[in-house]
Amino acid sequence: MTNAQDQDMTPYALAKKLNVPRTRIERIVAGKTGITSDTALRLAKFFKTAPQFWMNLQNSFDLKVEAKRLGDELELIKEYQSAA
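What you see is a predicted model, and the numbers here were worked out from it, not measured in a lab. (Residues numbered from 1 in each chain as written. Predicted model: local features only at pLDDT ≥ 70, side-chain atom pairs only at ≥ 80, totals over all residues. Heavy atoms only, no water.)

### Looking at the side chain of Gln58
- Within the element layout of this structure, Gln58 appears in helix α5 (residues 51-70).
- At 2.8 Å, the side chain of Gln58 forms a polar contact with the side chain of Asp62. (Helix = DSSP H or I, 4+ residues; strand = E, 2+ residues; numbered from the N terminus. Polar contact = N/O pair within 3.5 Å; in protein donor to acceptor, adjacent residues only side chain to side chain.)

Set out below in structure tokens:
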């Protein structure tokens, strides 16, 4: 059963539970920094998930941001055609 207080957890409260600086969680939430392997391991332990889950979320986010940034430049790249 989940504690009702955990449903409204603040960055400070999560940081305290993970034993990390509050600013780390605030910066992740604000999109100013990514999830590191250290943070992924801590989140995985706390939420009973795999650290790969958190790293995959970060990688997915990074790819979306970069694809948007590159925009039409990716369209200019011709795909490799095999000789077969």
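What follows continues from the structure just given.
### Structural notes on the nonpolar core
- Grouped together as the largest cluster of nonpolar side chains are 10 residues: Leu14, Ala15, Leu18, Val20, Ile25, Ile35, Ala40, Leu43, Ala44 and Trp54.
- Elements with a contribution of two residues or more to this core: α2 (11-18) and α4 (37-47).
- Setting aside chain neighbours within four positions, we find Ala15 in contact with Val20, Pro21, Arg22 and Ile25. (Core = buried A, V, L, I, M, F, W, Y, C linked by side-chain atoms within 4.5 Å. Buried < 20%, exposed > 50% of the residue type's maximum accessible area, 1.4 Å probe, protein only. Contact = heavy atoms within 4.5 Å.)

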